[in-house]
Amino acid sequence: MRRREFLTRLEAALVTLPYEERQAALRYYEEYLLDAGEENEAEAIAELGAPEALADKIVRESRAYAKESAKEQTAPDQSGAEKLNSFSNIELDLANASVTLFKGEAYSIALDFPEGYPLPEVGVRDNTLYVKEKKFAHFSFFGFRSFVFVKKSEVAITLPDAQYERFSFDMVNGSLKVPALRVRELKAESVNGGITVDGVSGERLSLNSVNGKLSASDIAMTDGCKCSTVNGGIGLSGSIRGKVHADAVNGGIHIAIPLSGKDYNLRLSTVSGSVRVNGQKMSKSFNVQNNSANSVHADTVNGGIQVEFESGTIVI
Amino acid sequence: MLFQLGSALLDACVLSVLDKEDTYGYVLTQSVKEVVDISESTLYPVLRRLQKDGLLTTYDQPISGRLRRYYAITDGGRKALEEYRLSWAEYKQKVEHLLIGGGSDAKNEG
């Protein structure tokens, strides 16, 4: 087996790993084989064994580690946090703050804003957590936004593991991070800021950004996923059923669904970049009509598109 | 080698190699293999875990038109290595006493 084949098979077998993890592993082994040198490469590949077995080891370790650290990960210092009544929905509207959700024992929110900066309004009513910045703050985007305050504002929301209904985040300058929670509908928009969603399960997911990378790893959705960004890449992985839609202008798109490709219609296109499906390079566009309710549509202008399904389920 | 290396000991070996000098994946694997008969596929998950735990860090060096990732031990890694060294000394003493019986009374040694 040659290096290229080994790495291609490894990439396919690592489809269930989150994007970053997969890239790290592939990079390690590509470098490893390059550093072995031409003389030793064949031997090194033989010693590594079947790429599928290697991938299995890597995935197990990664999962075991994730489980361990999830147990240890505590929400931030709760002393400054405000306890909240329980809620099933979140409506957040902030101009300049990064938001991170944490899984914890109870419902609480911690606001870390620079001195003198007006705090957003926080309240729970109708089973919904409202976090809304007071109107005038929107002017600060170009206006008086201080260059002295290097420290960014942070909002940390802690909530227990439960079935949530709808989370809606509307942000301007700030990133968003959501851990493995069960929420039927998750909608997030940030103008300048990346959105990272890890392990979320539910029905619908919608992520939008102008300048920011979108990453939804290890997710499980039953009714589709829509990701759209201008400057930034998109990484989606997990069991996503329904209509999967990803579009970017300047950024690559990587979608990995560990299910059978036969169950999806595909429509992929890029202007300057290449399209790869299960490791195989296509021309600048690729369409497959399987008359299915599930589909993957990915479009980008400057960037490559990589789509992976369960090995062997794509007929080219 | 008859004895299997437990994962803690493997971590300690990796940290020991890096304590001497920074190195990259391929060389690191060969160095550890000189001491312990591990399979090539064992090392990556170990490195990944040590990195996530902050015991080692990485940086890239350009070489022959590409980047090569080097691994370096961190202060956290050095601390962990110290602890491993102490645990090992204790463990080694006990095993030796059991297996070999110890001519001198190992229990009374400091």
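Residues numbered from 1 in each chain as written. Chains lettered and ligands numbered in written order. Predicted model: local features only at pLDDT ≥ 70, side-chain atom pairs only at ≥ 80, totals over all residues. Heavy atoms only, no water.

Enquirer: How would you sum up the overall build of chain B? Please name residues and give values.
Expert: A count of helical and extended segments in chain B gives four helices and three strands. Ordered by position from N to C terminus, the α and β elements of chain B give α-β-α-α-β-β-α. (Helix = DSSP H or I, 4+ residues; strand = E, 2+ residues; numbered from the N terminus.)

Enquirer: How would you sum up the overall build of chain A? Please name residues and give values.
Expert: Within chain A, the secondary structure is distributed over three helices and 24 strands. The buried share of chain A, taken over its 316 residues, is 48%. Expressed as a percentage of contacts within chain A between residues at least 6 apart in sequence, the contacts between residues at least 24 apart total 52%. Total accessible area on chain A is roughly 15000 Å²; 51% of this is exposed by carbon and sulfur atoms. (Buried < 20%, exposed > 50% of the residue type's maximum accessible area, 1.4 Å probe, protein only. Contact = heavy atoms within 4.5 Å. Areas by Shrake-Rupley, 256 points an atom, 1.4 Å probe, with all protein chains shown as cover.)

Enquirer: Hey, could you go over the interface of chain B and chain A for me, with residue numbers and the actual values?
Expert: Facing 24 residues of chain B, the contacting portion of chain A comprises 20 residues. Together, the buried faces of chain B and chain A total about 2000 Å²; carbon and sulfur atoms form 50% of this surface. It is B:Tyr26, B:Glu40 and B:Tyr44 that lose the most area in chain B upon contact with chain A, and together they represent 36% of the buried surface on that side. The interface formed by chain B and chain A holds seven salt bridges in total. We note a salt bridge from B:Lys52 to A:Glu21, for which the minimum N-O separation is 2.7 Å. Where chain B packs against chain A, one counts nine residue pairs in polar contact (both at pLDDT 80 or more). It is helix α3 (residues 43-52) of chain B that provides the largest number of residues to the side of chain B that touches chain A, a total of seven residues. (Buried area = accessible area lost by both parts, 1.4 Å probe. Salt bridge = Lys/Arg side-chain N within 4 Å of Asp/Glu carboxyl O. Polar contact = N/O pair within 3.5 Å; in protein donor to acceptor, adjacent residues only side chain to side chain.)

Enquirer: An account of the packing of aromatic side chains is requested, with residue identities and associated values reported.
Expert: Taken as a whole and judged by the stated rule, the model has 15 aromatic pairs over all chains. Between the aromatic rings of A:Tyr28 and A:Tyr32, the centroid separation amounts to 6.1 Å while the plane-to-plane angle is 25 degrees, which identifies the pairing as stacked. You can see A:Tyr28 and its partner A:Tyr32 sitting in helix α2 (residues 19-48), four residues apart, about one turn around the helix. A:Tyr32 matches A:Tyr28 in its accessibility class, with the two residues each being buried. Here A:Arg125 stacks its cationic end above the ring of A:Tyr130, 4.3 Å away from the centre of that ring. The ring centre of B:Tyr24 lies 3.8 Å from the NZ or CZ of B:Arg68, which sits over that ring. (Phe/Tyr/Trp six-rings, centres within 6.5 Å; stacked < 30°, edge-to-face > 60°. Lys NZ or Arg CZ within 6 Å of the ring centre and 35° of its normal.)

Enquirer: Give me the lowdown on the confidence of the model for chain A, citing residues and values where you can.
Expert: On average, residues of chain A score 87 in pLDDT, and 90% of them reach the 70 mark or higher. Predicted confidence for residues 137-149 of chain A stays below pLDDT 50, and this span has twelve contacts to residues more than four positions away or in other chains. (pLDDT = per-residue confidence, 0-100.)

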